[in-house]
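Summary of structural features
Single-letter residue listing:
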Amino acid sequence: MIIAFNLCRHLRPIKPFISQRLFHQSPIRFKVMNLKPITEESMRIKDKLTHNFKIIYRAPMQSYIKALSIACAVTSAGLAFIGIHAYINGLTLDDLQQRSSYGDRFVVSTNTTELALFMVSLVVFNIVMSLTIRRYPLRIWRNGENYVAVFQSHIPFVCRNFSFMKGQMEPMAVKGVLPWKDARYVVNGQRMILLDQYFKTPSELHRMLNEKYDYYVKE
């Protein structure tokens, strides 16, 4: 719930920019990152990239995503341990329900139905949160027409890199009930949730999508 609330708070609609003049008059405000060289360099080393890559996107709520990956890992390990323990010892759901209560002060469930719902809820929570982690890039780097998106891995404290080329990313159809439905993109089967105001400059998103506008900064 915290992740969803913060994600909704950061969302803003994406609109095309036609010219430099319209860019200055646009009601959409982008948060330009003024990163110190040592900060960007440390992130580049952490992401195992060369000096040719420049950061163009840095997502908010990175600490939440890291904490979420730890929570998913812990709950997954706990569920796996319970399942293996029950299988080895031949325990039924009734046995697990009895062992889940410790006196009158700590009661996980009062019957097997509540215990089953509790365990199913944990599984659903893990699936939903794992999908969120998989689709939420922490950083995006650019080197010419080559891009690298950095995601939090399902293993805590480990990141994974996803490479793609300019023009390969496409916006997904705006449908569904999720507040970030218009911030979804897909590239080579990898879905992403991108918050447009956290790109380094407004043109970087359109450059990545291979949309041509006359205010691109020439390098």
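In what follows, the accompanying structure is described. What you see is a predicted model, and the numbers here were worked out from it, not measured in a lab. (Residues numbered from 1 in each chain as written. Predicted model: local features only at pLDDT ≥ 70, side-chain atom pairs only at ≥ 80, totals over all residues. Heavy atoms only, no water.)

So, on to the overall build of the protein chain. Each helix and strand counted, the protein chain has seven helices and nine strands in total. For the protein chain, with 219 residues in total, the buried portion stands at 37%. Total accessible area on the protein chain is roughly 13,300 Å²; 61% of this is exposed by carbon and sulfur atoms. (Helix = DSSP H or I, 4+ residues; strand = E, 2+ residues; numbered from the N terminus. Buried < 20%, exposed > 50% of the residue type's maximum accessible area, 1.4 Å probe, protein only. Areas by Shrake-Rupley, 256 points an atom, 1.4 Å probe, with all protein chains shown as cover.)

The three strands are arranged β7-β8-β9 in an open sheet whose pairing can be described as antiparallel. Of all strands in the sheet, those bounded by a partner on one side alone are β7 (170-171) and β9 (190-193). (Pairing = 2+ DSSP bridges.)

Attention now moves to a nonpolar patch on the surface. Side chains of I70, V74 and F157 sit close together on the surface and give an oily, nonpolar patch of about 340 Å² of accessible area. Tracing the chain through its elements places V74 in helix α4 (residues 62-89). (Patch = residues over 30% accessible without salt bridge, like charges linked within 9 Å, V, L, I, M, F, W, Y side chains within 5 Å. Salt bridge = Lys/Arg side-chain N within 4 Å of Asp/Glu carboxyl O.)

With that settled, the discussion passes to the sheet that holds strand β6 (residues 159-165). Hydrogen bonds along the backbone pair up the strands of a sheet, which may run parallel or antiparallel. Spatially, β1-β4-β5-β6 is the arrangement adopted by the four strands of the open sheet, whose pairing is antiparallel. Looking at strand neighbours, the two that pair on one side only are β1 (54-58) and β6, the edges of this open sheet. When the angles between neighbouring strand axes are averaged without regard to direction, this sheet yields 25°. Two elements, strand β4 (residues 137-143) and strand β5 (residues 146-152), share six bridges in a ladder whose sense is antiparallel. Note that in β5 the partner of I140 across the bridge is A149. (Axes fitted to C-alpha atoms, helices over the stretch in contact; angles between N-to-C directions.)

The next subject is the pattern of salt bridges. Enumeration according to the criterion identifies five salt bridges in this entry. Put simply, E40 and R44 hold a salt bridge, and the shortest N to O gap is 3.2 Å. Note that E40 and R44 are positioned in helix α3 (residues 37-46) at a spacing of four residues, about one turn of the helix. With relative accessibility at 12%, the residue E40 sits in the buried group. A residue is classified by how much of its surface remains accessible, and R44, at 6% relative accessible area, is buried. With a closest N to O distance of 3.7 Å, R207 and E204 form a salt bridge.

To continue, consider the pairing of β5. With six of its seven residues buried, β5 lies for the most part within the structure. Once β4 ends, the chain turns through two residues before running back antiparallel as β5, passing G144 with a positive phi of about 70°. Strand direction decides the pairing type here: β5 and β6, joined by seven bridges, are antiparallel. Its bridge partner being in β6, Q152 is matched across the sheet by C159. Between β5 and β6, which follow one another and run antiparallel, lie six residues, and F157 among them has a positive phi close to 65°.

As for its position among the elements, V187 is in strand β8 (residues 184-187). Between the C-alpha atoms of V187 and Q168, which are 19 residues apart in sequence, the distance is 5.7 Å. Ignoring anything within four residues of it in the chain, the contact list for V187 reads F162, F164, Q168, M169 and M192. (Contact = heavy atoms within 4.5 Å.)

It is worth spelling out unusual backbone geometry at this point. Of note, M61 is a non-glycine position whose phi angle comes to about 60°, a positive value. Mapped onto the secondary structure, M61 falls in the loop between β1 and α4. In this structure M61 comes out as buried when scored by relative accessible area, which is 9%. The phi angle at N188 is positive, at roughly 50°, despite the residue not being glycine. Position of N188 among the secondary structure elements: in the loop between β8 and β9.

This part is about the side chain of E204. In this structure, E204 sits in helix α7 (residues 202-208). The class for E204 is buried, based on a relative accessible area of 6%. Apart from residues lying up to four places away in sequence, E204 is in contact with I56, R142 and F199.

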